[in-house]
Amino acid sequence: IGGSCGSNRVATVAGPVARWSRDQSSIDFQHTVPHELFHTWQMKDVGMCGRWRCGSGDFPVWLWEGTPQFMTRLAFWSWNQQRTHDQWFDLWYNVERRDQLAMCKDVKVEQMVQPAPPWPSPGACAYSKGQLAIEVLVANYGGFDALKRLHTTKTTSGYADFDTHFRITTGRELNEFYTEVNAYIIKRGM
């Protein structure tokens, strides 16, 4: 599944299901469609069309990929409440996506800022550790309202001034947030 935009249009294209996890009840399988659909909201509502995806050139990659991961985990949890929201993350990260566990071991949130970071690491870590950054943001930096404003009120192209945008949106300093996120990542054993 992928997305693209141009002239205020957003498209989501589904690829062969055979490429996905064989266990269709797994969080790894069921998060894919909601994750990409959330990107379509980002692409439509951020009002920026940078690079080949709207907005991706204007936000740190931890925000661009971490938000859909966090939101889709909420959706999956709402459908599968036999585990807590945190337990689903632990299963996804420690069992189903062990590749990211090893690859992202010492990656800090500051390494997940550049919109097109080196792949696989630290770029892929924006999916796993980025959603932990969103947990901290929602819990301690203004809730879902601040998260929405971070996505929808950016007017200056380019991520270089994201610290100013973050301060205006949350009332807090970005470096303080990064310190808190890195401490949370360690606390979660990542």
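See the structure shown above.
Residues numbered from 1 in each chain as written. Predicted model: local features only at pLDDT ≥ 70, side-chain atom pairs only at ≥ 80, totals over all residues. Heavy atoms only, no water.

Visitor: Explanation requested: the overall build of the protein in the structure shown.
Guide: From N to C terminus, the protein includes nine helices and two strands. A burial count over the protein gives 49% of its 190 residues as buried. Here the protein has roughly 9,400 Å² of accessible surface; of this, 53% comes from carbon and sulfur atoms. (Helix = DSSP H or I, 4+ residues; strand = E, 2+ residues; numbered from the N terminus. Buried < 20%, exposed > 50% of the residue type's maximum accessible area, 1.4 Å probe, protein only. Areas by Shrake-Rupley, 256 points an atom, 1.4 Å probe, with all protein chains shown as cover.)

Visitor: How should I be thinking about the nonpolar core in this particular structure?
Guide: Within soluble globular proteins, side chains that are nonpolar generally end up buried alongside one another. Core analysis: the biggest nonpolar cluster contains 39 residues, and Trp-62, Leu-63, Met-112, Phe-162, Phe-166 and Phe-177 have the highest contact counts within it. Broken down by secondary-structure element, the contributors of at least two residues to this core are α3 (61-79), α4 (85-96), α6 (125-140), α7 (143-152), α8 (162-170) and α9 (174-187). Of all the elements, α6 adds the most residues to this core, at eight residues. Excluding its chain neighbours within four sequence positions, the residues that come into contact with Phe-166 are Leu-137, Tyr-141, Leu-150, Gly-171, Arg-172, Glu-173, Leu-174 and Phe-177. (Core = buried A, V, L, I, M, F, W, Y, C linked by side-chain atoms within 4.5 Å. Contact = heavy atoms within 4.5 Å.)

Visitor: Help me out: how do you make sense of the side chain of His-151 in this one?
Guide: Checked against the element boundaries, His-151 lands in helix α7. A polar contact of 3.0 Å, which involves the side chain of His-151, links it to the backbone oxygen of Leu-147. (Polar contact = N/O pair within 3.5 Å; in protein donor to acceptor, adjacent residues only side chain to side chain.)

Visitor: I tried to follow the packing of aromatic side chains on my own but got confused; where do I start?
Guide: Each aromatic ring pair is characterised by the separation of its centres together with the angle its planes make. Per the counting criterion, the structure on display carries 11 aromatic pairs. Each ring, one from Phe-70 and one from Phe-144, has its centre 6.1 Å from the other, and the planes form 35°; the classification is tilted. You can see Phe-70 sitting in helix α3 and its partner Phe-144 sitting in helix α7, a full 74 residues away along the chain. Judged by its relative accessible area of 43%, Phe-144 is partly exposed. For the ring pair Phe-177 and Tyr-178, a centre distance of 6.0 Å and an interplane angle of 45° mean the geometry is tilted. Among the aromatic residues, those joined into a ring-pair cluster are Trp-62, Tyr-141, Phe-162, Phe-166, Phe-177 and Tyr-178. When the ring centre of Trp-88 is taken as reference, the NZ or CZ atom of Arg-83 above it lies at 5.0 Å. In this arrangement the basic side chain of Arg-172 is found over the ring face of Tyr-141, its NZ or CZ atom lying 4.0 Å from the centre. (Phe/Tyr/Trp six-rings, centres within 6.5 Å; stacked < 30°, edge-to-face > 60°. Lys NZ or Arg CZ within 6 Å of the ring centre and 35° of its normal.)

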